[in-house]
Amino acid sequence: MIVTKRLWRVHLYYVLLLLTVGLPGLLMAQQPVEFSGRIVDAVDKAPIAGAGVQVKGSPKGTITDAEGAFHLSAPSNALIVISFVGYRTVETHAGSAAVTIALERDTRSMSEVVVTALGITRPAKSLGYAVQSLSTKEFTNAPDPNLINNMSGKIAGVTITNGGAGVGSTSRIVVRGENSFSGTNQPLFVVDGVPINNETYFNNAVENSSSQGTWAEVDWGNGAAEINPNDIQKITVLKGGTAAALYGSRAANGAIVLTTKKGTGGKGTMGVSFNSNTTLETPLKLPRLQNQYGAGVNAYPLSGTPNTYAFVNGGGGSENNIPNWGLKFDPNTKVNQFDSPAGDGLQAGDLTPGAVDPNYHIVATPWIGHADHFKKFLQTGVTTQNTLAVGGVTDNGSYHMSVGYLSNTGILPGTDLHRYTLSLRGEHKFTNHLTSDVFLNYINSSSSNRPNIGYGSESVMYTFFGVYGMPMNIDINSLKKQWQVGQNQTHQFRYWNNHDNPYVTMYDNVNKFSKNRLLGNASLKYEFTPQFNVTVRTGTDYYTDNREGHRAFTTVRFPSGGFRTDDVTYLENNTDFLLNYHRKTGSDFNFSVSGGGNRFMQNISYTRDIANALITPGLYNFSNAQNQLPTLYQKFDKVIYSLYAFGDLDYKKVLYLNVTARNDWSSTLPKGQNSYFYPAASLSGIISDMVALPDAFSFLKLRVSASQVGRDADPYSVANTYLTNTPFNSYPLTTANAVLANAGLKPSTTTTGEVGTEMRFLKDRFGLDFTYYSSETKNEIVQLPIPVSSGYTNAYVNGATIDNKGVEIMLSAAAIRPKTPGGLGWDMNFNFSHNVSTVKALPAGINTYIYAQVTQYDRYYRAIQYDAVVGGKIGNMYGNDFKRDPKGEIIYKNGIPQMTSSQNTLLGNYNPDFILGWYNDLSYRNFNLSFTWDWHQGGKYFSYTSLGVLAGGMSVETLPGRETGIIGKGVMDDGAGKYVPNTIKVDAATYYNGYYNASNNNAFMYDETYVKLREVRLGYTFRHLLGKGSGSSLNVSLIGRNLLEFTQNKDIDPETLALRGQQILPGTEFLSIPATRSMGISVGVNF
Amino acid sequence: MKNYEVITNTVKETYMIVSKYIISLAAAAVLFTSCSKELQRVNINPNNLETPDAATLLSNTIVSEFYNNASISWTLANGYNQYMTFSSSYYDQPTRYSPVSNSPYWTAMYEAARDANTLYNTGVKKSSPFLQAAALALRSYAFAQLTELWGDIPFTQALEGATGSYTPPYDGQQTVYTDAGAGIIPSLRRADSLLKANPSGLLGGDLLFNANVASWRRFINALRLRYLLRVSAKMDPSTEMQAIVSDGMLMQNAGQSAALTLPTTTPYNFPSLTERTGDFQVKYMNSLLYNTFVNTGDSARIQAYFAKNPNNASKTDFNFSYFGGMPMVIDADGTQVATSSNFNATFVSGANKSLIKARLITYAEQELILAEAAVKGFIGGDAQTWYNNGVNGAFAEIGITDATGPNYLGHSAVAFDNSTSAASLQQIITQKWLVNIDNGFEGWIEFRRTGYPALVSGGSASLNNGAIPTRFLYPTDEVTINAKNYRTEVANMGGSEITTYKAWWEK
């Protein structure tokens, strides 16, 4: 090609230019030598595969193969640079003798290359902002099925909260605090430079009612959870606006950049690796239940008639029989119970009301406790994750392929998760100028039952621990029968009509899904010259998620069963181009400039069909519907066009300046206001290369940056609309959308400034990275709740200002450096973060903005409110409290604690004061031990499980005073307006019902502080399996997650999220599935 | 290679690259224009209408008001009116008058008023008197509910959110009833005259009266009578009431009541049909209602509404002792549960269609209003006739045979007592209380106006310092996000919000 030839001439010209300006004669023609050798780890002498061996100042180079070996033809005595991620770079001169070069580990290497926005790699040392990376090893130590959870405790400034629905649930990740009320505050997830989806799309469910036909919410899991960690080479967290500015609006909350694995090794070689983890999950903790008193309203009143329990024929008892204020267990006490024999092989629960044959007589059975009912209900969870990967380097590129399979059986019977992943990454060099890079990932996830969580009889956790949870006298083994005799699939066998049999809930009332996802990207890069290239890239994330809900006959909310399907189709495409020009001038200044553009397109569609009554039990099909609701079909489309440019300038590799600019045009904003520009700049200086520092300092860098990121609105928020309601008989209905649109919406902006420093001491033995940042989000678009007396409940407005300030400190230390090869080594790092989010302003005229609520159905008088108040912190929760005297003592009246009637008491804030993660990596000979501690200090949360076990008399804490009565600790009005100590004794049921009143939010607030032993891995590596010198190895490890926890609440794990109103909310434990401890074995083979 | 040649070539190459760049920039510009169009197109909401549609908006407003009335009746108002007792403290706190805001109903009524208001404006735009009149009726009913449950409310400047006015100030209750522009009484008067002047309206979407103008006028006039009587202590209603009676456009029988037959399936069914068994089972007949049935020998209605108590569930004959009322309790004990009546099973099965209708105002109530108006001399005519019509109409309303009413009227406690106007009034209001089972808060509102029947308070019956409240608390939204106007209103109450504040007509 002529053009090519000409371009080569251009290239030559630069070479000449370099020569004439008198650079060190790196490329001076000399006799080439065949330089070969082996690169090993300085500590354990293990070969390092994939290390770069480069002739300095020349594109010439190679990488080491699986055995760490390399072979390179280089000018004699040329300076060779040997580098590998995680190790300190070494320079040596090329010679003809084979060498073995040992690389020193570098826990936070400054030679490290970091993937920044748009997939561009840059030396870490040049960055003017904080980024933090994790290598495969660091996030697959004891892999959790949710990719996000594997980052817990390892990244400063990142808050990760595990979901409450067991394996497969949504985890929440927040980078540097919340800067938005609406939306999820989730960072953007990016694979190889192209964004992917991390949202959780919920069903259009009804949570505000206990009545029939209301399907509860299900957590279907977040998008990024599905990525197989074994396919990922590196996770880089771009924390601040400057780092993420080039990714645009969606990166306003930071970006999590995933780099997939490439084939490595020598040309023509093939590496195969197989990883298998199997873990067993058991509950981390369970509520401590009393085993002394059974169901009953009040068996020991101080006066009046005892109100005790008896099962009513088939009726399942009345509501007021169920709390555990009943008689003390005593085998000699005989009571009619649901599993008491009723003759003819029937039990009391088999007798259907209204059809009771007078010949059947229930024989009362001993009144004994079964406080282990929940424990017995649970099973040991089993999770296996297997990945087989093949990778290699060909003459013209490289490939990496993997097949993964994850299988989980949950601790709740009947729950599971299956995930197949198939991934392929290939690079191909068509010519010396044209290369392509392709990544494809197919993921199939499915479950035969995702459990309902939260409040209401749909949730099995509610059955056990909701208000009026399963009484202590219920024998779980009796419930395994599921159906009344001869009434299979038509009549549940149960102890109470307001609860479903938990086995029916788990085995029949299932929420299935099957999700097929294809994500990938492909790029073509054309190098006009070594300095000038263009990349065109496109990436797509496409999935269909088909969900199916079954409800059996006699389900509390579905007396005639139910069936529904929900289908979500998601398509996102990002197509971009990028022109790069970089120039080494030969002078002290080097620079590069780039420019590009992107088109982002997102199409979401949602289809729902519901039948709330079926004809034939057990047949789940719309043709079996008694009546079917009209199909709901919704679409949400969005497009953003962007143009951007950026430039880097460095001076003598000690001072770096980076400037970026981006302009977006978003479809979600009104015409004329849909264009927004945002700039960013950063500066960093390597002080240790500028001035002489004391010997103790081996490295000192200062950095400063500032940026602005714009953000658009939700689709369709600029024009008022009329919604369609379910038709009434055959009459179609419309009503005004209670959310007012706003044709004058402007983009919001987040402005961030950060300063930081990186220091290393004592020959890099210790490292410190400190960042202070401050960000302000202005003109935040909120769905402002407005008084409905205006006719509307919400209005889209600009106007909130949120301020985030915080510090991040990363400390790394080679606590013990091996004295001899294979000796004991201990590397550790600490990740500390502290963030405060403050509401600086709210839209004009508004003092309080309730941005979320957690309620029991629509019992607004029992709501936890998340209020934003000007000057207040984000995460403040409000609700009812005890009435208190001026000294803070609880005020009693007639022996019962009194409660405030307004819900305005500040109960606490769910955000931690600080988070400290401590990651450790020890090695000794072929042993390796790594473990991570995770400490969240401060914050408060509300626990619905605690509410349930305390208000229902299930908790061991409700035992004192059962038969004698209780004088509550506090004060009472002496009748003359003076507070004197409370002296009025009331019976236990009255006291506990009063103290643990379900409306009294503050009785169930707990300190969120916890310290967790997040993960542990202890392993042994067998090397050279296939003979000496071979790169094959076998690693066998014991792995564990969430092994230990220290926290205030002895009954539940504070790390949990509520699912309410299609939102994942922190600060409330909403009848979550117990968190698990997992332990198991991991086997990895490489050859 | 000569140096200058290299340089020349380089310049050429650079030029080529740059010109390519420019071409692509120009191409980008062209592309951009089409992009800009795409941005507008993509944000057109494919899921919803952008302009109101009168017929479907009218249907929705009707459904919303009727359904919400039935729903609140079943879950809260039947307790407030003391027809029903919850047996469990977990559920019964609001019905034992614990100060609550009842905010979902507030929201439903303001949203109905908003749609009705949009309908009215659409009616003006379309010059449709029928649409205007229906809209005025529905808007007036919603505002009447709001002011009768909460007292002073945002009114004259309410429903203006779409113009950017998010925080309307409060108006006194008198304004809500009498404001010449949007007040309940003037609006209803205007609605009736609009229809009187245009007797042949036609409009789709009227699932209540099938676009029958006469039916709408009867409904509107019945409401006019109700609200005129309500404020009669403060405002002489005689002229307007007499005019309405003289005009004769009133309901003639129970078949003309403003009632909507609800479907048996979700989401608009009568709530008992799809209630959890446990929720149904904690609802019992209140002792006051039981005693009233017994004292008036009302064997028909007690059986229509309620089931025999568990102790007598298998009895096949009738005896008042087979039924039972439950006093308002914290938690019922075993004896109370065994001797009290749940609602009749037809509330679950839906077998008796007339019990699961939603009603805003009935023929029977209209006749009892007229009876009271006659007793008080607001209108001329025989109070007893209207009283008897009301009593008979009440049975007809729930599908009880024609003979029952006259028999019932023969009972000494039921036969019209015109010895004193107080005695008449007590009978009239007690019968109205019986008529309005499952019709919102009418029983409680009329108790506040007249003191009949004597609702039980004190002890476990009231969590409101022993008193029966005169209003609900304003919703938290008002307290927090309409704070300034809320505080101004609360200052009228004496500085803190109370549930015993009397707004206007009950002062």
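Residues numbered from 1 in each chain as written. Chains lettered and ligands numbered in written order. Predicted model: local features only at pLDDT ≥ 70, side-chain atom pairs only at ≥ 80, totals over all residues. Heavy atoms only, no water.

Caption draft 1: Representation of the sheet that holds strand E54 (residues 971-973) of chain A within the structure. Residue and element names in this part refer to chain A. Ordered in space as E48-E47-E54-E55, the four strands form an open sheet in which the pairing is mixed. The open sheet has two edge strands, strand E48 (896-897) and strand E55 (979-981), and neither has a second partner. With three bridges joining them, E54 and E55 adopt antiparallel strand pairing. Looking at E55, one finds that methionine 972 is bridged to valine 980. (Pairing = 2+ DSSP bridges. Helix = DSSP H or I, 4+ residues; strand = E, 2+ residues; numbered from the N terminus.)

Caption draft 2: Looking closely at the confidence of the model for chain B. Residues with a pLDDT of 70 or more make up 93% of chain B, whose mean pLDDT is 91. Predicted complex metrics record ipTM = 0.90 and pTM = 0.85. (pLDDT = per-residue confidence, 0-100.)

Caption draft 3: How the structure looks around the sheet that holds strand E57 (residues 1005-1007) of chain A. Residues and elements named next belong to chain A. Read across the sheet, three strands follow the order E57-E52-E62 without closing on themselves; strand pairing throughout is mixed. A single partner strand is all that each edge strand has here, and the edge strands are E57 and strand E62 (1068-1069). Here three bridges tie strand E52 (residues 940-943) to E57, and the two strands are oriented antiparallel to one another. Across the sheet, residue tyrosine 941 finds its bridge partner in E57, namely tyrosine 1006. Along the sheet face, helix H8 (residues 944-951) touches E52, E57 and E62 and points at about 45° away from the line of E52. (Contact = heavy atoms within 4.5 Å. Axes fitted to C-alpha atoms, helices over the stretch in contact; angles between N-to-C directions.)

Caption draft 4: Just the side chain of Asn198(A), in detail. With respect to the helices, strands and loops of the structure, Asn198(A) is situated in the loop between strand E14 (194-196) and strand E15 (232-238). Look at Asn198(A) and you get buried, because its relative accessible area is 8%. (Buried < 20%, exposed > 50% of the residue type's maximum accessible area, 1.4 Å probe, protein only.)

Caption draft 5: Local environment of the nonpolar core. Membership of the largest hydrophobic core comes to 257 residues, with the highest contact counts inside it found for Phe181(A), Phe143(B), Trp216(B), Phe219(B) and Phe441(B). Per-element tally for this core: the top contributor is helix H5 (residues 129-150) of chain B, with 15 residues. Setting aside anything within four residues of it in sequence, one finds Phe143(B) in contact with Tyr110(B), Ala113(B), Ile153(B), Pro154(B), Phe155(B), Leu159(B), Val176(B) and Ile184(B). (Core = buried A, V, L, I, M, F, W, Y, C linked by side-chain atoms within 4.5 Å.)

Caption draft 6: Here's a closer look at the interface of chain B and chain A. Between chain B and chain A, the contact holds 92 residues from the first and 92 residues from the second. Taken together, both faces of the contact between chain B and chain A bury some 7,700 Å²; the carbon and sulfur share is 57%. When the area that chain B buries against chain A is broken down by residue, the three leading residues are Tyr90(B), Tyr166(B) and Arg276(B), summing to 11%. Counting across the chain B and chain A interface gives one salt bridge. (Buried area = accessible area lost by both parts, 1.4 Å probe. Salt bridge = Lys/Arg side-chain N within 4 Å of Asp/Glu carboxyl O.)

Caption draft 7: Just unusual backbone geometry, in detail. Residue and element names in this part refer to chain B. For the peptide bond that leads from tyrosine 452 to proline 453, omega is -20°, which places it in the cis range. Turning to its location among the elements, proline 453 is positioned in the loop between helix H19 (442-450) and helix H20 (476-481). Unlike most non-glycine residues, asparagine 102 shows phi in positive territory, near 55°. With respect to the helices, strands and loops of the structure, asparagine 102 is situated in the loop between helix H3 (89-92) and helix H4 (103-125).

Caption draft 8: Examining the confidence of the model for chain A more closely. Taken as a whole, chain A shows an average pLDDT of 87; of its residues, 93% reach a score of 70 or greater. Residue range residues 1-29 of chain A is modelled with pLDDT below 50. Its contacts to residues more than four positions away, or to other chains, number 27 contacts.

Caption draft 9: Quick look at helix H9 (residues 238-247) of chain B. Residues and elements named next belong to chain B. Buried within H9 are the following residues: Ser238, Glu240, Met241, Ile244 and Val245. Buried residues along H9 sit in contact with helix H7 (184-197), helix H8 (213-230), helix H15 (363-375) and helix H16 (383-397). Looking at the residues trailing H9, positive phi occurs at glycine 248, about 80°.

Caption draft 10: Representation of the pairing of strand E5 (residues 79-83) of chain A in the model. Residues and elements named next belong to chain A. As defined by bridge partners, strand E2 (residues 52-55) adjoins E5 across four bridges and the pair is classed as antiparallel. Within E5, the residue paired with valine 53 across the bridge is isoleucine 82. In this sheet, strand E6 (residues 90-93) lies alongside E5 in antiparallel orientation, the contact comprising four bridges. Counted as the bridge partner of isoleucine 82 is valine 90 from E6.

Caption draft 11: Highlighting the packing of aromatic side chains. One pass over the full model with this rule turns up 92 aromatic pairs over all chains. Aromatic pair Tyr851(A) and Tyr866(A): ring centres 6.3 Å apart, planes at 70°, arrangement edge-to-face. Taken together, the residues Tyr851(A) in strand E44 (residues 848-856) and Tyr866(A) in strand E45 (residues 859-869) connect sequence positions 15 residues apart. Taking relative accessible area as the criterion, Tyr866(A) reaches 0% and is therefore assigned buried. Lying over the aromatic face of Phe493(A), Lys481(A) brings its terminal NZ or CZ to 4.0 Å of the ring centre. Positioned above the aromatic ring of Tyr120(B) is the side chain of Arg139(B), whose terminal nitrogen or guanidinium carbon lies 5.7 Å from the ring centre. (Phe/Tyr/Trp six-rings, centres within 6.5 Å; stacked < 30°, edge-to-face > 60°. Lys NZ or Arg CZ within 6 Å of the ring centre and 35° of its normal.)

Caption draft 12: Seen up close, the pattern of salt bridges. All names here are of chain A. The final tally for this structure, using the stated rule, is 66 salt bridges over all chains. A salt bridge links aspartate 921 to lysine 137; the shortest N-O distance between them is 3.0 Å. Placement of the pair is aspartate 921 in strand E50 (residues 914-924) and lysine 137 in helix H2 (residues 136-139), with a sequence separation of 784 residues. Using a relative accessible area of 39% as the deciding quantity, one classes lysine 137 as partly exposed. A salt bridge links lysine 154 to glutamate 1015, with the shortest nitrogen-to-oxygen separation between them at 2.6 Å. In this pair, lysine 154 is assigned in the loop between H2 and strand E11 (158-161) and glutamate 1015 in strand E58 (residues 1010-1023), connecting sequence segments 861 residues apart. You can call lysine 154 buried: its relative accessible area is 2%.

Caption draft 13: Quick peek at the packing of H5(B) against H8(B). All names here are of chain B. In contact at an axis separation of 11 Å, H5 and H8 are set at 30° when each is read in the N-to-C sense. On the basis of their axis angle, the class for H5 and H8 is roughly parallel. The handedness of the crossing between H5 and H8 comes out as left-handed. Counted together, Phe130, Ala133, Ala134, Ala137, Leu138, Tyr141, Ala144 and Glu148 of H5 and Val213, Trp216, Phe219, Ile220, Leu223, Arg226, Tyr227 and Arg230 of H8 form the full contact between these two elements. Within the contact of H5 with H8, the residues separate by chemical class into 13 nonpolar, no polar and three charged. (Parallel < 35°, antiparallel > 145°, perpendicular 65-115°, else oblique. Left-handed = near helix turned anticlockwise from the far one by under 90°. Nonpolar A, V, L, I, M, F, W, Y, C, P; charged D, E, K, R; others polar.)

Caption draft 14: Layout of helix H11 (residues 287-295) of chain B. Residue and element names in this part refer to chain B. Turning to H11, its buried residues number three or more, namely Ser287, Leu288, Leu289, Tyr290, Thr292 and Phe293. For H11, the secondary structure elements touched by its buried residues are strand E5 (283-285), helix H12 (299-305) and helix H18 (421-435). At the N-terminal boundary of H11, the capping side chain belongs to asparagine 286, with an oxygen 2.7 Å from the backbone nitrogen of leucine 288. (Polar contact = N/O pair within 3.5 Å; in protein donor to acceptor, adjacent residues only side chain to side chain.)

Caption draft 15: Local environment of the pairing of strand E30 (residues 558-584) of chain A. All names here are of chain A. Across 22 bridges, the pairing between strand E29 (residues 532-555) and E30 is antiparallel. For aspartate 545, the partnering residue across the bridge sits in E30 and is valine 568. Between E29 and E30, which follow one another and run antiparallel, lie two residues. In this structure, E30 lies alongside strand E31 (residues 589-614), joined through 22 bridges in antiparallel fashion. Bridge pairing in E31 places aspartate 567 opposite threonine 607.

Caption draft 16: Here's a closer look at the environment of Ser446(A). All names here are of chain A. You can see serine 446 is positioned in strand E27 (residues 434-447). Classification of serine 446 by relative accessible area gives buried; the value is 18%. C-alpha of serine 446 to C-alpha of aspartate 545: the two residues are 99 residues apart in sequence and 9.2 Å apart in space.

Caption draft 17: A nonpolar patch on the surface, seen in detail. All names here are of chain A. Taken together, Phe274, Leu388, Met401, Val403, Leu422, Leu424, Val438, Leu440, Tyr442, Leu518 and Tyr542 make up a surface patch of nonpolar side chains, about 880 Å² in accessible area. For the nonpolar patch, the secondary structure elements donating two or more residues are strand E25 (397-409), strand E26 (416-429) and E27. Here the nonpolar patch takes three residues from E27, the largest share from any one element. Along the chain, tyrosine 542 falls in strand E29. For tyrosine 542, a relative accessible area of 36% translates into the label partly exposed. (Patch = residues over 30% accessible without salt bridge, like charges linked within 9 Å, V, L, I, M, F, W, Y side chains within 5 Å. Areas by Shrake-Rupley, 256 points an atom, 1.4 Å probe, with all protein chains shown as cover.)

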